[in-house]
Amino acid sequence: MTSAPRPATFAPMAAAPTTTWLVTGFPSWIARSIVREIAEQEEGALVHLLVPEDRAKEAAEFCRGLRALGSTVKVLPGDAVRMDLGLTGKDYVALAGSVDLFVNAYDVSPLRDDGFGGYGGLYGRLGDPVELTVKAVREAVEFALLSKRLRQLVQIGSLTVAGDFDGVWTEEDLSIGQRHRTAAERARHGAERLLWRERERVRFTILRTGPVVGDSRTGEIGWYHGPHDLLEAILVQPPATGWGRTPPPEALHLVPCDHLARLVRAVGASPPERSGVLHVAPTVPVPLEQIREALRAAGGKPPMARSVRSRLRKRYGAGASSISRTLARIDTPAACSTRRALDVERAAGIAQPRPVDYLPHLAAHAMARLAAEAQRIAAAGIEDSLDG
């Protein structure tokens, strides 16, 4: 009989933690951003990062790169979609007795799996990725019910629960006759319904976010989950050409990952007394033309390797109309009220990054990533020429 894997500890802690966090969703960029924000900005915290066993090496590398202020990060082998989070009964009970704040960042991507490590590829072997989103919330609720110390369950959600609704969508709305356009939207809606059924027994905050993009200061973003390659997909459609019969959304509710992470930490620092929803989105959606202008300013359309173009087509579709439809489905046409979220931001002294400031960083990072990928492919001798 083999023993359970031991958790790996990074930045050893000398005293009892001021706050103990549990974060799921690794290796998604959202989970990484949240852990980085806590480790680098909060002193004396302990973060348990729940990581599937086959991602343990990747998690260890990520943690070694953290510039911890005085917080400890423990890589905890487990899985958000398994019973008892994939832990032994003893470890599960002990963890439940020590956690103050639980951030469930497990989510299903609305984009097709490209075979290169999207959430469908990471977790598809465990079952249907859509059903697993609801299962992860169910496991989070079970953990919260067992924990006597837990102050707040923070659920990373999505504005796309609004589906095709195109009116004013408030933070109190969930089911007002909208039609869900994708399985991911239905899963997220089902996950929220599950949470609301337990609102009398579990204190939670759902952060419904728009499409999460890179860091507002550096443009950096990972390879996992959601529209991490949004700007590259827009580059597939040359700015000088039209979008075909299906126009894309005029604007997107873009959210830099570091802003979302700061809001998670603010909710943890001062948990709301009542369960509820915060809409994490810009007050004014970011015009698509402004995104394309940032890409033009960063160098336009660089040579794109055939393998990269193929990957983007698998995720966003081939042709202008397909890309346009996909861009619509990663966001909502609704006008999203952000009143409660703005109140939290003001109380915590958080300012929303301005698109005019962060879009150049996102565009530059996208260009650099494409160039690095082309160089890697050329050096490996995979392709003799670049397409584009």
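Residues numbered from 1 in each chain as written. Predicted model: local features only at pLDDT ≥ 70, side-chain atom pairs only at ≥ 80, totals over all residues. Heavy atoms only, no water.

J.: How would you sum up the packing of helix H8 (residues 257-269) against helix H12 (residues 339-348)? Please name residues and give values.
T.: Any two packed helices are characterised by the angle at which their axes cross and by the distance between the axes. Taken N-terminus to C-terminus, the directions of H8 and H12 make an angle of 80°; their axes are 10 Å apart at the nearest point. Between H8 and H12, the interaxial angle falls into the category roughly perpendicular. Where H8 approaches H12, its residues His259, Leu263, Ala266 and Val267 are matched on the opposing element by Val344, Glu345 and Ala348. For the contact of H8 with H12, a count of residues per class yields five nonpolar, one polar and one charged. (Axes fitted to C-alpha atoms, helices over the stretch in contact; angles between N-to-C directions. Helix = DSSP H or I, 4+ residues; strand = E, 2+ residues; numbered from the N terminus. Parallel < 35°, antiparallel > 145°, perpendicular 65-115°, else oblique. Contact = heavy atoms within 4.5 Å. Nonpolar A, V, L, I, M, F, W, Y, C, P; charged D, E, K, R; others polar.)

J.: Talk me through the confidence of the model for the protein; I want residue IDs and the actual numbers.
T.: Per-chain confidence: the protein averages 85 in pLDDT, with 85% of residues scoring 70 or above. The spread of mean pLDDT over the elements of the protein runs between helix H4 (residues 119-123), the lowest at 39, and strand S5 (residues 101-104), the highest at 98. Scored below 50 in pLDDT, residues 114-126 makes 34 contacts in the model with residues more than four places away or belonging to other chains. Taken as a whole, residues 383-388 scores under 50 in pLDDT and shows 15 contacts with residues more than four places along the chain or in a different chain. (pLDDT = per-residue confidence, 0-100.)

J.: Any details on the pattern of salt bridges? Residues and values, ideally.
T.: If you walk through the whole model with that rule in mind, you get 20 salt bridges. Residue Lys135 is joined to Glu139 by a salt bridge in which the shortest nitrogen-to-oxygen separation is 3.7 Å. On the criterion of helical spacing, the pair formed by Lys135 and Glu139 is a turn pair, its members being four residues apart in helix H5 (residues 129-146). Residue Asp343 pairs with Arg346 through a salt bridge whose shortest N-O separation is 3.4 Å. With Asp343 and Arg346 both in helix H12, this residue pair falls three residues apart, about one helical turn. Among the charged side chains, a network of salt bridges with common partners joins Asp215, Arg217, Asp258 and Arg262. (Salt bridge = Lys/Arg side-chain N within 4 Å of Asp/Glu carboxyl O.)

J.: Please give an account of unusual backbone geometry that cites residues and values.
T.: The step from Phe26 to Pro27 runs through a cis peptide bond, and the omega angle for that step is 15°. In this fold, Pro27 is placed in the loop between strand S2 (20-23) and helix H1 (29-41). Its identity is not glycine, yet Asp84 carries a phi of approximately 55°, on the positive side. Tracing the sequence through the fold places Asp84 in the loop between strand S4 (72-77) and helix H3 (89-96). Exposure remark for Asp84: the relative accessible area of 25% places this residue in the partly exposed category. (Buried < 20%, exposed > 50% of the residue type's maximum accessible area, 1.4 Å probe, protein only.)

J.: Mind laying out the nonpolar core, listing which residues take part and the relevant values?
T.: The tendency in soluble globular proteins is for nonpolar side chains to be buried side by side. Ile34, Leu49, Ile156, Leu207 and Leu260 are the most contacted members of the largest nonpolar core, which totals 40 residues. Apart from residues lying up to four places away in sequence, Ile156 is in contact with Ile30, Ile34, Val103, Asn104, Ala105, Leu207, Thr209, Leu260 and Val264. (Core = buried A, V, L, I, M, F, W, Y, C linked by side-chain atoms within 4.5 Å.)

J.: Provide a residue-level description of the pairing of strand S6 (residues 152-158), including the pertinent values.
T.: Here S6 lies mainly inside the structure; seven of its seven residues are buried. The side-chain alternation of S6 yields two buried faces, one formed by Gln152, Val154, Ile156 and Ser158 and the other by Leu153, Gln155 and Gly157. Where S5 meets S6, four bridges bridge the pair, whose relative direction is parallel. From the neighbouring strand, Val103 faces S6, where its bridge partner is Val154. Where S6 meets strand S8 (residues 204-209), six bridges bridge the pair, whose relative direction is parallel. Note that in S8 the partner of Ile156 across the bridge is Leu207. (Pairing = 2+ DSSP bridges.)

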